[in-house]
Amino acid sequence: MKRLTCRAGLLAVLVLSISSCGDSPSTSEVEQLPLVDSSLAVGEPRQFEQGTHCGFRVLSRMINGQVWRAEGASDGDWFPGGWRTDSSTSDGRVAIRLVLAEDESTITASLNGTDVTYVAAGSEWQDSDLCA
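Quick look at the overall build of the protein chain
In terms of helices and strands, the protein chain carries two helices and five strands. Traced from its N-terminal end to its C-terminal end, the protein chain shows the element sequence α-α-β-β-β-β-β. Counting all 132 residues of the protein chain, 28% fall into the buried class. Counting only contacts in the protein chain whose residues sit at least 6 apart along the sequence, the fraction spanning at least 24 positions is 65%. Carbon and sulfur atoms make up 51% of the accessible area of the protein chain, which amounts to about 8,100 Å² in all.

Right under this line is the structure:
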């Protein structure tokens, strides 16, 4: 009986671990993470906050000495579905979870079931990166 209880407990832990690995975090889960500053360690999730005024084509701060641009986003004010804030202000802030890939060439940004891949784009801002 004791072995059966242990196996059931291990199975429950395994199921919970697997189900939480693929889930994109909700806003409240992201807000529990430490804030990212100018550096991000491989595989350590951090909270990143950005105003909505200029969209999310480019992360608003250099991280690890790099500018980060969203794959496939062409418009300067691009905004992933599911990341919109309910804020009535034009510059409502959105907190997203960032995770740096092992090869340090991409960052996965996640919120509310929507993941976006950001690619390292060099150490210089381009005119198209800047918001008016």
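Quick notes on the sheet that holds strand 5 (residues 114-120)
Taken in spatial order, the five strands of this open sheet run 1-3-4-5-2, and their pairing is antiparallel. Sheet topology places strand 1 (46-51) and strand 2 (68-70) at the edges, where each strand pairs with a single neighbour. Adjacent strand axes in the sheet meet at a mean angle of 40 degrees when their direction is disregarded. With four bridges connecting them, strand 3 (residues 93-100) and strand 4 (residues 106-111) associate as antiparallel partners. Residue pairing in the sheet places L100 in a bridge with I107 of strand 4.

Some thoughts on the side chain of R57
Within the secondary structure, R57 is located in the loop between strand 1 and strand 2. For R57, the side chain forms a polar contact with the main-chain oxygen of S128, separated by 2.5 Å. Each residue touching R57, except ones within four places of it in the same chain, is listed here: W68, R69, A70, A73, S74, D75, G76, W78, Y118, S128 and D129.

Re the nonpolar core
Of all hydrophobic cores here, the largest spans 22 residues; its most connected members are L59, I63, W83, I96, L98, I107 and Y118. Listed by contribution, the elements that provide at least two residues to this core are strand 2, strand 3, strand 4 and strand 5. For this core, the leading source of residues is strand 3, giving five residues. Those residues within four positions of I96 in sequence are excluded, and the remaining contacts are V30, R46, Q47, F48, F56, L59, W83, A109, S110 and L111.

Quick word on the pattern of salt bridges
By the definition in use, this model includes three salt bridges. Salt-bridge contacts for R57 lead to D129; the nearest nitrogen and oxygen are separated by 3.4 Å. Residue R57 is located in the loop between strand 1 and strand 2, and its partner D129 is located in the segment after strand 5; the two are separated by 72 residues in the primary sequence. You'll find R57 and D129 in the same group, each marked buried. The closest approach of N and O atoms between D129 and R69, which form a salt bridge, is 2.7 Å. Of the two residues, D129 is situated in the segment after strand 5 and R69 in strand 2; the sequence distance between them amounts to 60 residues. Comparing D129 with R69, the two get one shared label, buried. A single salt-bridge network, built from bridges that share partners, covers R57, R69 and D129.

The rules we used
- Residues numbered from 1 in each chain as written.
- Predicted model: local features only at pLDDT ≥ 70, side-chain atom pairs only at ≥ 80, totals over all residues.
- Heavy atoms only, no water.
- Helix = DSSP H or I, 4+ residues; strand = E, 2+ residues; numbered from the N terminus.
- Buried < 20%, exposed > 50% of the residue type's maximum accessible area, 1.4 Å probe, protein only.
- Contact = heavy atoms within 4.5 Å.
- Areas by Shrake-Rupley, 256 points an atom, 1.4 Å probe, with all protein chains shown as cover.
- Pairing = 2+ DSSP bridges.
- Axes fitted to C-alpha atoms, helices over the stretch in contact; angles between N-to-C directions.
- Polar contact = N/O pair within 3.5 Å; in protein donor to acceptor, adjacent residues only side chain to side chain.
- Core = buried A, V, L, I, M, F, W, Y, C linked by side-chain atoms within 4.5 Å.
- Salt bridge = Lys/Arg side-chain N within 4 Å of Asp/Glu carboxyl O.

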